[in-house]
Each structure stands twice: as structure tokens, then as C-alpha cells.
Amino acid sequence: GAYLRHTNAAASTATVAPQASVAWAANTEVHIRRAGAGNLTLTPGAGVTLNAPSGGSLVMTNAMSVTLKRVASDVWDVIGQTTVPPAGEVPPTTIGEAYHGGYYVGDIVDGGDTYAIIMNDTSTASLQMKSASTDTPGTYSTTDGPANTAAILAAGGSALATALDAYNVGGTYHDWYMPSIDELTLAWTNRVALAGAITFVGTYYFSSTQTSGAPAKQDQFYFDGGYAKNEDKSSWRPGIPVRRILK
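Let me sum up the structure you'll find in this document. (Residues numbered from 1 in each chain as written. Predicted model: local features only at pLDDT ≥ 70, side-chain atom pairs only at ≥ 80, totals over all residues. Heavy atoms only, no water.)

The subject of this paragraph is the overall build of the protein chain. Per the secondary structure count, the protein chain includes three helices and 17 strands. Relative to the 2.2 N^0.38 estimate, which gives 18 Å for 247 residues, the radius of gyration of the protein chain is 18 Å and therefore close to what a compact globule would have. Relative to its full complement of 247 residues, the protein chain shows a buried share of 45%. A fraction of 68% describes how many contacts in the protein chain between residues 6 or more apart in sequence connect residues 24 or more apart. One finds the centroid of the 14 positive side-chain charges in the protein chain at a distance of 6 Å from the centroid of its 19 negative side-chain charges. (Helix = DSSP H or I, 4+ residues; strand = E, 2+ residues; numbered from the N terminus. Rg over C-alpha atoms; globule rule 2.2 N^0.38 Å. Buried < 20%, exposed > 50% of the residue type's maximum accessible area, 1.4 Å probe, protein only. Contact = heavy atoms within 4.5 Å. Lys, Arg positive; Asp, Glu negative; His and termini not counted. Charge placed at Lys NZ, Arg CZ, Asp CG, Glu CD.)

Here it is as C-alpha cells:
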């Protein structure tokens, strides 16, 4: 099987492509070694299932090794060393409560599953999504922030996405990502319950959702006015990371 040795110092992702994109043979094995300071997150592509080790996660820290074993079309077992998920990840129940790295801002339904969205209370500085409003494939979902974020990071060239991914270096929680437009909007929808919990440094915040068209633009939310709009990717906007808990 293939052997991949990730040596970059920054936090990064390794995405397992779906069978429709790569003609994976039955029983394919891919061996991965993390050999850098930042965390490596194993990310499923569209329609792909990654089965984490018992008691483990899909996050690797320095010197950890795993084998990805294809057990069926778009289904892979992760065998080896990964980080232990934070204890007590029982979904929160009260919007606005402090919860495991941030605040519970509401629920999102994505792919038939319901997730509690946890928003960090620290924003980035204003940064560009990209230097030009060009298309980034795989970033069109309004509900799947993790998939959008993985595609943006894989494409490279996004100062804002890179800054948000830096929240995964060190600390207790290593599954922060850039929210989709619907996830970002939750902070406005439930603003009364969240009053005083999260301080927004600007009025417009970029989401990870790209709108279609030419030039390609990025969805953002206007927190002073309470509505979404799209904007050139080269605009300077802050971002705020979120994580999700399956309910």
C-alpha cells in the first residue's frame, strides 16, 4: 500500500477521496505517519465513512501512525494511534451555555444528522478568503462546514482558513473548522440567548460557503443587520471557528 509521511509544521488535513473520484481497489491500505508539530486530521470526502479506532478520534499528533484499510466502497477502517476525544462530549442542552471550548449556539441538520454547534468566543483578525475571486470546488454546502473547510485548506491560498485552522494547534480540542453560512447564521438567530457570550470584532464575517457564478464569491453574514450576502473573496473579513457535536 501507499505510505504518506506528513512533515509540515502547521495543522493540516488528509482527505480520503470517494470511490467516484479514485478507483480504489478492494482491500487497499494507506499508511500514514504524522511527523510534524501540527495536528493532522483525517477527513472523509463526500459520501466516505472513516471508522475511528475504539476510544480514538480522526486526529493525529506528532509521531502517531495509522493504516487506512478499505473495507467496502467508500468505507475505511482507521487502525492505529489517534488522539483520545475529550471526555464528556455529551451534547449541550441550553443555547448560550459555555461548552468545551466555546458556546452552544444552536443545532444544524447535515446529511440527515443533527449537530450541536459550538462557537469559539475569539475571532481572527480581518483577512482575505483568497487573493482573487476564483472557484474553490467542494465548498458549496450551506450546512457542512467541515467539508467546505477541508476543501479550502486542500486548495491552499486562503489566509483566513489557515488562521482558523491554527486553532487546532495545541489546546484540548482539535476539531475546529470554518462554519458554513447556516452554521454562522445560528449566532444571529439565537443572539438573545447568546447575549454577552461571544464578542464579534466586526460586522461582516466570512463563512466557508461559496456562492456559484463568475466570479465566484463567498457567503458572509452581517451581524449588525441580520442578513447574509455574498462578497468578493479578496475582501478583508474576520472569521470565527466552530466545532460540532453529534446529537
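Backbone-to-backbone hydrogen bonds pair the strands of a sheet. The strands run either parallel or antiparallel. One open sheet holds the three strands; their spatial order is β13-β14-β15, and the pairing between them is antiparallel. In this open sheet, the two strands that pair with only one neighbour each are β13 (204–211) and β15 (227–232). The sheet shows a mean angle of 35° between the axes of neighbouring strands, taken without regard to direction. Here β13 pairs with strand β14 (residues 217–222) via five bridges, running antiparallel. Bridging across to β14, Y205 finds its partner in F221. Here helix α3 (residues 181–189) sits on the sheet in contact with β13, β14 and β15, set at roughly 10° to β14. (Pairing = 2+ DSSP bridges. Axes fitted to C-alpha atoms, helices over the stretch in contact; angles between N-to-C directions.)

What follows covers the sheet that holds strand β17 (residues 242–246). Spatially, β9-β10-β11-β17 is the arrangement adopted by the four strands of the open sheet, whose pairing is antiparallel. Taken across any chain shown, the strands that pair with only one partner, and hence form the sheet edges, are β9 (98–99) and β17. Relative to strand β10 (residues 102–110), β9 runs antiparallel, the two being bridged by two bridges. Looking at β10, one finds that Y99 is bridged to G102.

The subject of this paragraph is the environment of A11. Along the chain, A11 falls in the loop between β1 (2–6) and β2 (12–16). Since its relative accessible area comes to 14%, A11 is described here as buried. The spatial distance from the C-alpha of A11 to the C-alpha of G226 is 33 Å, given a sequence separation of 215 residues. Ignoring sequence-local partners within four residues, the contact set of A11 consists of R34, G38, N39, D165, N168 and V169.

Now for helix α1 (residues 145–155). Those residues of α1 lying buried are G145, N148, T149, A150, A151 and I152. The elements touched by buried residues of α1 are β2, β4 (40–44), α2 (159–165), α3, β13 and β17. Two or three places before A147, at the start of α1, stands the capping residue D144, its side-chain oxygen 3.2 Å from that residue's backbone nitrogen. Residue G156 follows α1 closely and has a positive phi angle near 75°. (Polar contact = N/O pair within 3.5 Å; in protein donor to acceptor, adjacent residues only side chain to side chain.)

One non-glycine residue with positive phi stands out, namely A63, at about 80°. By the element assignment, A63 lies in the loop between β6 (59–60) and β7 (65–72). What makes A63 partly exposed here is its relative accessible area of 37%. Despite not being glycine, H100 has its phi angle at roughly 40°, a positive value. Tracing the chain through its elements places H100 in the loop between β9 and β10.

Across the seven residues of strand β11 (residues 113–119), five count as buried, placing the element largely inside the fold. Note that β10 and β11 share seven bridges and pair antiparallel. When the sheet's bridge partners are listed, D107 is paired in β11 with A116. Connecting the antiparallel pair β10 and β11 is a turn made up of two residues, with G111 showing a positive phi of about 65°. Bridge analysis of β11 against β17 gives five bridges, and the strand direction is antiparallel. Residue pairing across strands places I118 opposite R243, the latter belonging to β17.

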